[in-house]
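Letter by letter, the chains look like this.
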Amino acid sequence: MTAIQVAGLAKSYGDFAAVKGVSFGVPQGEIFALLGRNGAGKTTTVEVLAGFQAPDEGTVRVLGLDPVRDRAEVRARTGIMLQEAGFFPDLTVAQTVDAWRDFVAAPRPRAEALELVGLEARAATKVRQLSGGERRRLDLALATLSRPDVLFLDEPTTGMDPEARQNTWEVIRGLAGQGTTVLLTTHYLEEAQRLASSMAIMDRGLIIASGGMAETLAAQTGRVAFELPASVTPEELPVPVATVEGRTAVCRVADPDLAAQTLLSWAGERGLRLRGLEVRTATLEDLFLDLAAGEKSEKKEVA
Ligand SMILES: Nc1ncnc2c1ncn2[C@@H]1O[C@H](COP(=O)(O)OP(=O)(O)OP(=O)(O)O)[C@@H](O)[C@H]1O
């Protein structure tokens, strides 16, 4: 079943078109990452999906329901974590969870909610004394209090230390494993790459790249980097060099392992060493940088 369906969504604020015709779908139990630079339209899309804003154009369905028309049912079956949480700073963590539990039918027990996000030891701490990352974790506990079928997470790990981030990824994976559909926005590309099975990249209100994570990355070129030996010019190498920064040569190739083997045999035959050799398959960051570079060269062509 498709848990989230967006077709031709457009949304403006006055004259400003924040989302200009966006379409995507997320099957039940999958994690989908909505990516893009600041102001791309990600939060606006999430807010329309959550029923906080009505679309100007297009249709949006969550669990087959219309988030505006069927607001109550969509609210009951979804959890949402926005960028800014509206906490009461003088309540403790436990009091905050208890207050929230009053609004939710069949909520998780408080202890379970806090354990899920690793905040048991902070139960008696006032919200104002929590770190930024701890607040995000409390927010995640509240968003998942109703054991929602669909979870919207707008930059869920901002401010978290690496360990808290890893733990949060585990929580999100665990929820998806139990059938929760997750739509996540993030500026951490590694987070998206590790968590999401599919993604869309937005730019100025439009989707400029989308697809399955594994397939998209497999179609991208990998990277082989090394220190160019002093006696060698890039033209002499057996693999085309994309860039040379200082003495570091970078090759962008479909098969980075094969390119590295070719380079090593070539160097071995000449008694050369390729210092600092790094070989890696494509990352989402490469895709982002390629899209940004493509945009720059398009601008140059237009200019
Ligand atoms: N209430 C509003 N009134 C006017 N403009 C708005 C409003 N909310 C958002 N915008 C504008 O719409 C555009 C898209 O904003 P949105 O918050 O959806 O982007 P985003 O991709 O979530 O960005 P970020 O990564 O910074 O969170 C931005 O240019 C923003 O300034």
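Residues numbered from 1 in each chain as written. Predicted model: local features only at pLDDT ≥ 70, side-chain atom pairs only at ≥ 80, totals over all residues.

For the protein, the name recorded in an unreviewed UniProt entry is ABC-2 type transport system ATP-binding protein, with Streptosporangium album as its organism. Quoted verbatim from the Subcellular location (unreviewed entry) field of UniProt, the annotation for the protein is "Cell membrane". (UniProt positions renumbered as here; feature names shortened; annotations may be inferred.)

**Description of the site of the ligand**
Taken together, Tyr13, Phe16, Ala18, Gly36, Asn38, Gly39, Ala40, Gly41, Lys42, Thr43 and Thr44 make up the full set of residues near the ligand. Listed by contribution, the elements that provide at least two residues to the shell around the ligand are β2 (16-27) and α1 (42-49). (Near = placed C-beta within 6 Å. Helix = DSSP H or I, 4+ residues; strand = E, 2+ residues; numbered from the N terminus.)

**Thoughts on the nonpolar core**
In this structure, Phe32, Ala33, Leu49, Ala141, Phe152, Val182 and Leu183 are the most contacted members of the largest nonpolar core, which totals 58 residues. What alanine 141 contacts, discounting residues up to four positions off in sequence, is Val97, Ala113, Leu114, Leu116, Val117 and Leu119. Core analysis: the second largest hydrophobic core is formed by ten residues, Ala225, Phe226, Ala249 and Cys251 among them. (Core = buried A, V, L, I, M, F, W, Y, C linked by C-beta atoms within 7 Å. Buried ≥ 20, exposed ≤ 12 C-beta atoms within 10 Å, placed from the backbone. Contact = placed C-beta atoms within 7 Å.)

**Overview of unusual backbone geometry**
A positive phi is found at leucine 63, a non-glycine position, where the angle reads about 55°. Tracing the chain through its elements places leucine 63 in the loop between β4 (57-62) and α2 (71-77). The buried category is assigned to leucine 63, around which 20 C-beta atoms lie within 10 Å. One non-glycine residue with positive phi stands out, namely glutamate 155, at about 50°. Secondary-structure assignment places glutamate 155 in the loop between β6 (150-154) and α6 (162-177).

**Structural notes on the UniProt feature "domain: ABC transporter" (unreviewed entry) in the protein**
On the UniProt side, "domain: ABC transporter" (unreviewed entry) is annotated at positions that read residues 4-229 here. Structurally, residues 4-229 comprises 32% helix and 30% strand, and the distance from its first C-alpha atom to its last is 53 Å.

**Side note on α1**
Within α1, seven of the eight residues are buried, leaving the element largely enclosed by the surrounding structure. Every buried residue of α1 is accounted for by Lys42, Thr43, Thr44, Thr45, Val46, Val48 and Leu49. Where α1 terminates, the next one or two residues include glycine 51, which has phi positive at roughly 85°.

**Some details on the sheet that holds strand β7 (residues 181-185)**
Read from one edge to the other, the open sheet built from six strands follows the order β5-β6-β7-β3-β8-β9, with strand pairing classed as mixed. Each edge of the open sheet is held by one strand with a lone partner, namely β5 (78-81) and β9 (206-212). Neighbouring strand axes in the sheet, compared pairwise and without regard to direction, differ in orientation by 15° on average. Both β6 and β7 contribute to a ladder of five bridges, which runs parallel. (Pairing = 2+ DSSP bridges. Axes fitted to C-alpha atoms, helices over the stretch in contact; angles between N-to-C directions.)

**Digging into the sheet that holds strand β10 (residues 222-227)**
Consider a sheet: its strands pair through backbone hydrogen bonds, and that pairing is either parallel or antiparallel. Read across the open sheet, the four strands follow the order β11-β12-β10-β13; overall the sheet is antiparallel. In the strand order of this sheet, the two ends are held by β11 (243-245) and β13 (278-280), each with one partner. Neighbour-to-neighbour, the strand axes of this sheet turn through a mean angle of 15°, independent of strand direction. Note that β11 and strand β12 (residues 248-253) share three bridges and pair antiparallel. When the bridges of β12 are listed, valine 244 appears paired with alanine 249. Where helix α9 (residues 256-269) meets the sheet, it contacts β10, β12 and β13, and its direction lies at approximately 25° from that of β10.

**Topic: the pairing of β7**
Burial analysis of β7 places five of its five residues in the buried class, which makes it a mostly covered element. Along β7, one buried face is formed by Thr181, Leu183 and Thr185 and the opposite face, lined by Val182 and Leu184, is buried too. Each parallel crossover has a hand, and for β6 linked through α6 to β7 it is right-handed. (Right-handed = clockwise from strand over helix to strand, strands pointing away.)

**Remarks on the pairing of β5**
Working note: regular strand, side chains alternate between the two faces of the sheet. By the alternation rule, side chains of β5 split into Thr78 and Ile80 and Gly79 and Met81, which are all buried. Bridging between β5 and β6 involves four bridges; their strand directions are parallel. The partner of isoleucine 80 across the bridge, within β6, is phenylalanine 152.

**Observations regarding the confidence of the model for the protein**
Per-residue confidence for the protein gives a mean pLDDT of 93; residues scoring 70 or more make up 97%. Mean pLDDT in the protein bottoms out at helix α10 (residues 284-302), which sits at 75, and peaks at β4, which reaches 98. (pLDDT = per-residue confidence, 0-100.)

**Considerations on the packing of helix α3 (residues 93-101) against helix α5 (residues 132-143)**
For the pair α3 and α5, the least separation of the axes is 10 Å and the interaxial angle reads 25°. One finds that α3 runs roughly parallel with respect to α5. Of the two elements, α3 crosses α5, and the hand of that crossing is right-handed. Packed against α3, whose contacting residues are Val93, Thr96, Val97 and Trp100, the element α5 presents Leu138, Ala141 and Leu142 at the interface. Taken together, the residues that form the contact of α3 with α5 break down as six nonpolar, one polar and no charged. (Parallel < 35°, antiparallel > 145°, perpendicular 65-115°, else oblique. Left-handed = near helix turned anticlockwise from the far one by under 90°. Nonpolar A, V, L, I, M, F, W, Y, C, P; charged D, E, K, R; others polar.)

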